[in-house]
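# Tertiary structure, described
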Amino acid sequence: MILIVDDNENNIYSLKKLLESKNFLVDTANSGEEALGKALKNDYALIILDVQMPGMDGFEVAEIFAGYSKTKDIPIIFLSAVNTEKRFITKGYASGGKDYVTKPVDPEILLLKVKTFYNLQEQNLEMKKTQESLKLEVKGRRESQVSMKSKIDHFHLLLEGLPQIAFTLNEEGIVDFVNGRWYQYSTSEQVFPETYQDDLDIKAEFEACRKKGKALELETRIKNIESGDYRYHLLRISPVYDGVAIKNWVGTFTDIDDQKKVENEKDEFLSIASHELKTPLTSIKAYVQLLDRKLKLDKNSAEAGYVTKVQDQIEKLNSLIGDLLDVSKIENGKLKINKKPSNLEKVIENAIETIIQTHDEDKVKIKRHGQKPDILIPFDEIRIEQVLINFLTNAIKYSPENNQVIVTTFVDEEGVKVSVTDFGIGIPEFKQKAVFQKFYRVEESSLQFQGMGIGLYICSEIIKQHRGTIGLSSIPNEGSTFYFTLPLN
Ligand code: ADP
């Protein structure tokens, strides 16, 4: 908007008309005082100021405008009918004005000057606005930097308080923070703790995970600088996301050495105990068979019944000890698999036959579904039969109200899938993965049903060694389906 300041109404009227005809917005004031009041309230791009006014003259008004920050940068064009002398013009410029036009006003000249000043002032205002918004942005960035720094400091303080070794890595995988405990195992922030010669290389393992954008979890032995001992640690490095992109990584080493020692002692005890139990049990089994043959008991007599019961119990004990021995073999990496081309259908039939013979016939109904895998593929017959018997025994054991079991087989160009479905108690979803862990039993069923929680652990190891997959789907109180797959080659 342009402000015209003149004590003469006629002058104001003709100037106003002239400017409005060129689409300028115009405001007017009759005196210097009124102009000052308006200029302090409104934003003007240009002031056209009459020099000769009663009271304050134009130069005085311009000087006062120059003293206020709001008005000091507004360009002024002085209008005067009389003072064309050089000294007056100089005064006009000195008092802060930008140009000088004499009366009678040449409309074309005035309009040219107005347009130039108006545009200049518009650009100035635009630049000021940009400057302001830049200032605000810089301020905002500075503030968010400060708040980010205080968040990071807080996070580092938390990591410092952890009982574990803790560290962070940037998105390129370079360590950029370590807590105090790090230095018990490394001399420098840049170097990962030294691992035991047989263990995996931390840097290489992490690089592989980082490229896939996946977390790393690893049990490894790292060297304590002071004692020189290698202690078992659980290393975890997890990505921290900023939206969908990985911002950085947070890692911890948790000392599990004592836990590992206790576990090893327990494994050692299990291994010794199962081996020691096996020998007398084999003798008991042989002597009972001998006794049975020597006594030649009438099959219907109570004594013959007792002998059968003793033999059943010996078999149960034998299979329990067999399982314990398998666990210690797995721990020592000695569970051997003898793969040779075998017929899977025959193994399935054998397993079902064994189950039917060892269970009450009205307690078990086993149905077959799907295409029969009557083909030769490489696997260990004894171990795969062990897996099937385990699945079938569990299906019957954990279905006290329903005697139906379905064995489904499926063959395609990649492999064979065998599933065993029951309609029993089922397993809650969050416990399903854990059933393949050593000694894990679902709490709800462990009191009601006997077991040691190692059958499925052995099954998963057997299938793993065949490079197959193992898993389950289950709904509590509706039933479960356990499956395994074997590759054709
Ligand atoms: P065990 O049966 O000797 O306890 P397993 O390793 O065979 O040991 O099974 C582990 C646990 O998984 C069992 O204790 C049981 O809680 C659960 N489980 C296994 N099979 C089934 C099934 N078919 N239905 C429901 N729960 C099952």
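Bear in mind that the values here come from a model prediction, so they are computed numbers and not experimental data. (Residues numbered from 1 in each chain as written. Predicted model: local features only at pLDDT ≥ 70, side-chain atom pairs only at ≥ 80, totals over all residues. Heavy atoms only, no water.)

### Comments concerning the pattern of salt bridges
Under the criterion given, the structure shown has 27 salt bridges. The shortest N-O distance in the salt bridge between lysine 149 and aspartate 153 comes to 3.1 Å. Here aspartate 153 and lysine 149 lie together in helix α5 (residues 107–161), a separation of 4 residues that amounts to about one turn. With a relative accessible area of 38%, aspartate 153 lands in the partly exposed category. Among the salt bridges present, the one from glutamate 461 reaches lysine 464, with a minimum N-O distance of 3.2 Å. One end of the pair is glutamate 461 and the other is lysine 464, both in helix α13 (residues 455–465) and 3 residues apart, which spans about a single turn. By relative accessible area, glutamate 461 is classed as buried at 16%. We classify lysine 464 as exposed; its relative accessible area is 54%. Each of the salt bridges in this network shares a partner with another, and the network as a whole consists of Arg231, Asp255, Asp257, Asp258 and Lys261. (Salt bridge = Lys/Arg side-chain N within 4 Å of Asp/Glu carboxyl O. Helix = DSSP H or I, 4+ residues; strand = E, 2+ residues; numbered from the N terminus. Buried < 20%, exposed > 50% of the residue type's maximum accessible area, 1.4 Å probe, protein only.)

### Concerning the environment of valine 307
In this structure, valine 307 sits in helix α8 (residues 302–331). A residue is classified by how much of its surface remains accessible, and valine 307, at 14% relative accessible area, is buried. Along the backbone, valine 307 and glutamate 444 are 137 residues apart, and their C-alpha atoms lie at a distance of 35 Å. Beyond its immediate sequence surroundings of up to four residues, valine 307 is in contact with Val288, Asp292 and Leu297. (Contact = heavy atoms within 4.5 Å.)

### Brief notes about the site of the ligand
The environment of the ligand is made up of 22 residues, and the closest members are Tyr398, Asp422, Arg441, Ser445 and Leu456. One nitrogen or oxygen atom from the main chain of glycine 453 is found 3.2 Å from an oxygen atom belonging to the ligand. Within the backbone of glycine 455, one N or O atom sits 3.2 Å away from an oxygen atom of the ligand. Look at the ligand: alone it shows 530 Å² of surface, and the protein chains cover 97% of it. Of all elements in the fold, only α10 (381–397), α13 and β17 (479–487) reach the threshold of two or more residues within the shell around the ligand. It is α10 that provides the largest number of residues to the shell around the ligand, a total of 4 residues. Each residue belonging to the shell around the ligand can be placed in one class, and the counts come to 11 nonpolar, 8 polar and 3 charged. (Near = heavy atom within 4 Å. Polar contact = N/O pair within 3.5 Å; in protein donor to acceptor, adjacent residues only side chain to side chain. Areas by Shrake-Rupley, 256 points an atom, 1.4 Å probe, with all protein chains shown as cover. Nonpolar A, V, L, I, M, F, W, Y, C, P; charged D, E, K, R; others polar.)

### What about the sheet that holds strand β4 (residues 76–80)?
The strand order across the open sheet formed by 5 strands is β2-β1-β3-β4-β5, and the pairing between neighbours is parallel. Each end of this open sheet is capped by a strand with a single partner; those strands are β2 (26–29) and β5 (99–102). Averaged over all pairs of adjacent strands, the angle between their axes in this sheet comes to 20 degrees, without regard to strand direction. Strand direction decides the pairing type here: strand β1 (residues 2–5) and strand β3 (residues 46–50), joined by 4 bridges, are parallel. What sits directly across from leucine 3, in β3, is isoleucine 47. (Pairing = 2+ DSSP bridges. Axes fitted to C-alpha atoms, helices over the stretch in contact; angles between N-to-C directions.)

### Some points on the domain arrangement of the chain
Segmenting the chain into domains produces domain 1 (2–128), domain 2 (163–255), domain 3 (262–331) and domain 4 (340–487). Facing the 11 residues of domain 3 at the interface are 9 residues of domain 4. When domain 3 packs against domain 4, the two sides together hide about 870 Å² of surface, and 65% of this comes from carbon and sulfur. Our count for the contact surface shared by domain 3 and domain 4 stands at 3 salt bridges. Aspartate 326 is paired through a salt bridge with arginine 383; the nearest N and O atoms lie 3.0 Å apart. Across the contact surface, domain 3 and domain 4 share 5 residue pairs in polar contact (both at pLDDT 80 or more). When residues of the side of domain 3 that touches domain 4 are traced back to their parent elements, those giving at least two are α7 (257–295) and α8. At 8 residues, α8 tops the list of elements feeding residues into the side of domain 3 that touches domain 4. Classifying every residue of the side of domain 3 that touches domain 4 gives 5 nonpolar, no polar and 6 charged. (Domains from an automatic or database assignment. Buried area = accessible area lost by both parts, 1.4 Å probe.)

### Some points on the environment of leucine 36
Along the polypeptide, leucine 36 turns up in helix α2 (residues 32–41). Taking the relative accessible area as the measure of exposure, leucine 36 reaches 14% and is therefore buried. For leucine 36 and alanine 62, which are 26 residues apart along the polypeptide, the C-alpha to C-alpha distance reads 9.4 Å. When near neighbours in sequence (up to four residues on either side) are disregarded, leucine 36 contacts Ile64, Phe65 and Tyr68.

### Examining the packing of helix α1 (residues 9–21) against α5
Running from amino to carboxyl end, α1 crosses α5 at an angle of 60 degrees, the nearest separation of the two axes being 11 Å. As judged from the angle between their axes, α1 and α5 are oblique. In the crossing of α1 with α5, the sense of the turn from one axis to the other is right-handed. Contacts between α1 and α5 pair Leu15, Leu18 and Leu19 from the former with Pro107, Leu110, Leu111 and Val114 from the latter. Along the lines of polarity and charge, the residues of the contact of α1 with α5 split into 7 nonpolar, no polar and no charged. (Parallel < 35°, antiparallel > 145°, perpendicular 65-115°, else oblique. Left-handed = near helix turned anticlockwise from the far one by under 90°.)

### A few points about the sheet that holds β17
An order of β12-β14-β15-β17-β16 is seen for the 5 strands of this open sheet, with the pairing classed as mixed. With one partner strand each, in any of the chains shown, β12 (365–370) and β16 (469–475) form the two edges of the open sheet. Across the sheet, the axes of successive neighbouring strands diverge by a mean angle of 15 degrees, strand direction being ignored. As defined by bridge partners, β12 adjoins strand β14 (residues 404–411) across 6 bridges and the pair is classed as parallel. Note that in β14 the partner of lysine 367 across the bridge is isoleucine 406. The strands touched by helix α9 (residues 344–358) within the sheet are β12, β14, β15 (415–422) and β17, with β12 carrying the most contacts at an inclination of about 165 degrees.

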